[in-house]
Amino acid sequence: MAIPSNALHPTNTPAIEAYLAELAGESTDPLLARMEAHAASTGFPTIGRASGRWLAQLTRIAGGRRVFEIGSGYGYSAWFFAQAVGPEGEVIGSDDNPAHLQRHRDLWEGHPLASRVDLRLGRGRAVLASTSGAFDLVLIDSTKAEYEADFEAALDRLRPGGLVLVDNVLWGGRVTVPSADPTTIAIQHFNTRLFADTRIDVCVLPVGDGLAVARKI
Ligand SMILES: C[S@@+](CC[C@H](N)C(=O)[O-])C[C@H]1O[C@@H](n2cnc3c(N)ncnc32)[C@H](O)[C@@H]1O
């Protein structure tokens, strides 16, 4: 079997990630720095800057105006979507932890993009069911054991040509070897089903912890 080129030249080493972060430079928005400082001090697992840039770029490429998030935390990933959906766009998100939503309100108060972001309390699928209309993109960044059910709900509400983005599908590399860990097994099953799903085109960006990009056919 031929050795894939990226196995010879790994693309997400710490040095390369640091290099890309330096190229991207600092954001001029203090809110992003505040959210990152909060993540650093609490250990909260945001999607990270490199994956966040992909969220915004994919939204622009897809011409996304309406985004839904399953697992919003205090709005870190929503910040990137909010940049990209434009003034008429909206980001509806969900989180089942009220403390995270309170933190969102505290951090985002008075921010110019706050009017584009509507984070609601509840399990992602229940909040999604309470909305109407189709979405251009859905981000799944929630409980790994629920990825399959979340994906079905997301695909159902996506317009044709829209994207479901799923974070953590490489799970720190643990998906590459047999495991007894239930979370690793859930992600492995999810990935296998995702790549066999004929309703979508799919690829995985090896950015952050692995971002699956599924386009509804
Ligand atoms: C990995 S964090 C990511 C948050 C966010 N996307 C970011 O980039 O900061 C996952 C969040 O999803 C929430 N969560 C987990 N399962 C959920 C579910 N089924 N519905 C709604 N929220 C969920 C957790 O409370 C947590 O805040």
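The preceding data block contains the structure.
Residues numbered from 1 in each chain as written. Predicted model: local features only at pLDDT ≥ 70, side-chain atom pairs only at ≥ 80, totals over all residues.

> Account for the packing of helix H4 (residues 49-61) against helix H5 (residues 76-84), naming residues and giving values.
Running from N to C, H4 and H5 point in directions that differ by 30°, and their axes come no closer than 8 Å. Here H5 runs roughly parallel to H4, going by the angle between their axes. Helix-helix and strand crossings are classified by hand; for H4 and H5 the assignment is right-handed. On H5, the residues that touch Gly52, Arg53, Leu55, Ala56, Thr59 and Arg60 of H4 are Ser77, Phe80, Phe81, Gln83 and Ala84. (Axes fitted to C-alpha atoms, helices over the stretch in contact; angles between N-to-C directions. Helix = DSSP H or I, 4+ residues; strand = E, 2+ residues; numbered from the N terminus. Parallel < 35°, antiparallel > 145°, perpendicular 65-115°, else oblique. Left-handed = near helix turned anticlockwise from the far one by under 90°. Contact = placed C-beta atoms within 7 Å.)

> Any chance you could break down the sheet that holds strand E5 (residues 158-167) for me, citing the residues and the numbers?
Across a sheet, paired strands are connected by hydrogen bonds in the backbone, their directions being either parallel or antiparallel. Strand order in the open sheet made by the seven strands is E3-E2-E1-E4-E5-E7-E6, with mixed pairing throughout. Since the sheet does not close on itself, it has two edges, and those belong to strand E3 (117-121) and strand E6 (200-205), each with one partner. The average undirected angle you get between the axes of adjacent strands in this sheet is 15°. Here five bridges tie strand E4 (residues 135-140) to E5, and the two strands are oriented parallel to one another. Within the sheet, the bridge partner assigned to Phe135 lies in E5 and is Leu158. Most of the contacts of helix H8 (residues 147-156) go to E5, to which it runs at about 155°, and overall it touches strand E1 (66-70), E4, E5 and strand E7 (211-216). (Pairing = 2+ DSSP bridges.)

> Tell me about the environment of Ala212, and name the residues and values.
Summarising the element assignment, Ala212 is placed in strand E7. For Ala212 and Pro14, which are 198 residues apart along the polypeptide, the C-alpha to C-alpha distance reads 21 Å. Those residues in contact with Ala212 that sit more than four places away from it in its chain are Leu165, Val166, Val169, Leu194, Val202 and Val204.

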